[in-house]
Amino acid sequence: MVKAWRNNGRSVVAAVLAVIVLSGSSVLAILPEPDKVLYGTITVNGRAVTAVDTQYLVEARATLGGPVLESYRMGANTNYHPYFYGLRLTLEALPPNTGRDLALGDTVYLTLRNGAGPVTEVDRAVLQRGLSRVDFGAVADTDRDDLPDLDEFDTHGTNPLDADTDGDGMSDGWEVANNLNPLLDDADVDSDHDGYSNLAEFRKQTDPWDPNDWPPAYHNDFDGDALTDFGVYHPPTGDWYLLTSSNGYDSFQFGWYGPRPVPADYDGDGITDPAVYDRTEGRYYIMQSQDGFRTLLCGTNGNPVPVPADYDGDRKADPAAYDQNSGWWTIESSLLGPLTRQFGWREAVPVPRDYDGDHITDLAVYHYEGYWYLLMSQDGFEVRQFGWNGGAVPMPEDYDRDGLADLALFHGPTGMWYILRSRAGFLSRQFGWDGPIPVRGDWDGDGMADIALYDMPNGAWYILRSSEGFLFRQFGWWAAMPLP
């Protein structure tokens, strides 16, 4: 017989073969030969068949369409592991033998059937005695959490039918792969003390135990859950209106007529801070969630464009401005102090991002003829040609989750997006029309920027999420501008 049991949390299948010795003065003594034991798991349509699925039957034959040598119905033997079937086939090369015996070198045909008839068939050559595992289909991962059902049942104690057994927002497979506990809600724990929770690291697929591998900055994450929130700013009154993914609706007044909203995480706590920039004064006004209100001069009185970002790698957005007349950058680095650099000219548009993947924002400008000029902190100066003359809005972001900003353009007249992904290659997508404003963010928390538009006259958001598909949301009105 075949007996299966659990030993130290692991599945063990053992063959218990009876050894019978016949002896007598007038009878030839015969030692029966060791038999063949076949066992394995069954997967049908991606789902594991277990002992509760008694409609499934495994049959063994010596020839196609021949008589059944042995069979096993799932759940028939309570000593068996619930995920396994088991068949004992006799191997007798010497007489006496019966028509049900096999010999080494024979082929055995296994048929899986249910109440409706045969499901599938496999065959194996009998090359040795003892145990051999023969699975029907790949080992099942029913809940698609990257953990085989059998490992969930035996090793981890997780639910093979639930991708997130402890309900903490992180999949069982990711928690196991990253040495977290899939049976404990540890979403809010910051395992590597880098300022980002385990849940935030999961959503951005970074290492929760490496303080130097933190999630990329989130656009408009006002509740710190690693998801972009909907937000609009009303310039005449300075009112902010937010629809956050965790905390719902919120509104407050911070600003007045004239300044431009520049929300970012200025204190490095993973939460976007409200801020405005007065171009006439060249001054930032910031309400930090941890460090409170502050204001500082940054930029000239000419034609400054606010470009706050993390230019020194300390995970805090630095107030910064780009002078479109002269191409001068002014950066108030939280780590290095005031910095200035000339990189650009009158017809260039600032497009600072992290193009070399070192968690430091690089100086960069885009020229309308389709040329990108990058001054990267690790890889130095580079010119890239991607685009054409006129009509396209540069939208560089990380669209393939490799930590590098990708060159991207939105062409309003045709509604076409053109993205040159550093890992996944070129992508073109028709999504939009002439009029809506392209906006940046990650609304499904998968670490990849989503293609998104805001239709200002109607206050409507159109988002093509990279993992969760199309999303429409009405939040705003004709006089409100999208954040950022």
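Look up a bit, the structure's there.
Next up on the list: the overall build of the protein. On a plain count of helices and strands, the protein comes out with 3 helices and 35 strands. Compactness check: the protein gives a C-alpha radius of gyration of 32 Å against a globular reference of 23 Å for 484 residues, more than 25% above the reference. Considering the protein as a whole, with its 484 residues, one finds that 48% of them fall into the buried category. In the protein, the proportion of contacts linking residues at least 24 apart, taken out of those at least 6 apart, comes to 38%.

With a phi close to 55°, His193 is a non-glycine residue in the positive phi region. Take His193: it is sitting in the loop between helix H2 (172-177) and helix H3 (198-204).

Glancing now at the sheet that holds strand E7 (residues 68-73). Here we have 4 strands laid out as an open sheet, ordered E7-E6-E9-E10, and antiparallel in their pairing. Edge positions in the sheet fall to E7 and strand E10 (117-125), since each has one partner strand and no second. Sheet twist, expressed as the average angle between the axes of neighbouring strands with direction ignored, equals 20°.

Of all 5 residues making up strand E24 (residues 363-367), 5 are buried, and the element is well covered by its neighbours. As defined by bridge partners, strand E23 (residues 348-350) adjoins E24 across 3 bridges and the pair is classed as antiparallel. When the bridges of E24 are listed, Pro350 appears paired with Val365. In this structure, E24 lies alongside strand E25 (residues 371-376), joined through 5 bridges in antiparallel fashion. Bridge assignment links Val365 to a residue of E25, and that residue is Tyr373. Here E24 folds back onto E25 in antiparallel fashion, the turn holding 3 residues, of which Gly370 has a positive phi close to 100°.

To continue, consider the side chain of Asp221. Relative to the helices and strands, Asp221 is located in the loop between H3 and strand E12 (230-234). When its relative accessible area of 0% is taken as the criterion, Asp221 is described as buried. A polar contact is formed between the side chain of Asp221 and the backbone nitrogen of Ala226, at a distance of 2.9 Å.

As a further point, take the environment of Trp443. Looking at where Trp443 falls in the secondary structure, it is placed in the loop between strand E31 (437-439) and strand E32 (451-455). Classification of Trp443 as buried rests on a relative accessible area of 8%. Residues Trp443 and Leu363, spaced 80 residues apart in sequence, show a C-alpha to C-alpha distance of 26 Å. Not counting chain neighbours up to four residues away, the residues in contact with Trp443 comprise Leu227, Thr228, Asp229, Phe230, Asp450, Ala452, Trp461, Ile463 and Arg465.

Every second residue of strand E16 (residues 275-278) is oriented toward a common face, with Ala275 and Tyr277 on one face and Val276 and Asp278 on the other, all of them buried. Where strand E15 (residues 260-261) lies against E16, 2 bridges are found, and the strand directions are antiparallel. Opposite Arg260, over in E16, you have Tyr277 as the bridge partner. Where E16 lies against strand E17 (residues 283-288), 4 bridges are found, and the strand directions are antiparallel. Residue Tyr277 lies in a different strand from E17, and its bridge partner there is Tyr284. Taking the residues between adjacent antiparallel strands as the criterion, E16 and E17 are bridged by 4 residues, where Gly282 takes a positive phi near 70°.

Among the secondary structure elements, Asp446 is positioned in the loop between E31 and E32. There is no salt bridge for the buried Asp446, and the closest opposite charge comes from Arg401, which lies 5.1 Å off by N-O distance. A polar side-chain atom of Asp446 sits 3.0 Å from the main-chain amide nitrogen of Met448. Not counting residues within four places of it along the chain, the set of residues in contact with Asp446 comprises Arg203, Arg401, Ser466 and Ser467.

Next up on the list: helix H1 (residues 149-156). Within the span of H1, buried status applies to Asp149, Leu150, Glu152 and Asp154. Phi turns positive, to about 70°, at Gly157, one or two residues after H1.

On inspection of all chains with the given rule, the structure shows 1 cavity of 30 Å³ or more. The space that makes up the largest cavity amounts to roughly 50 Å³. The wall of the largest cavity is formed by Thr41, Ile42, Thr43, Ala48, Val49, Tyr83, Val139, Ala140 and Leu150. In the lining of the largest cavity, the residues fall into 7 nonpolar, 2 polar and no charged.

About the thresholds
- Residues numbered from 1 in each chain as written.
- Predicted model: local features only at pLDDT ≥ 70, side-chain atom pairs only at ≥ 80, totals over all residues.
- Heavy atoms only, no water.
- Helix = DSSP H or I, 4+ residues; strand = E, 2+ residues; numbered from the N terminus.
- Rg over C-alpha atoms; globule rule 2.2 N^0.38 Å.
- Buried < 20%, exposed > 50% of the residue type's maximum accessible area, 1.4 Å probe, protein only.
- Contact = heavy atoms within 4.5 Å.
- Pairing = 2+ DSSP bridges.
- Axes fitted to C-alpha atoms, helices over the stretch in contact; angles between N-to-C directions.
- Polar contact = N/O pair within 3.5 Å; in protein donor to acceptor, adjacent residues only side chain to side chain.
- Lys, Arg positive; Asp, Glu negative; His and termini not counted.
- Salt bridge = Lys/Arg side-chain N within 4 Å of Asp/Glu carboxyl O.
- 1 Å grid on protein atoms, 1.4 Å probe; cavity = no way out; pocket = protein on both sides within 12 Å on 5 of 7 lines; lining within 4 Å.
- Points joined across faces, edges and corners; volume = space filled by probe spheres on them.
- Nonpolar A, V, L, I, M, F, W, Y, C, P; charged D, E, K, R; others polar.

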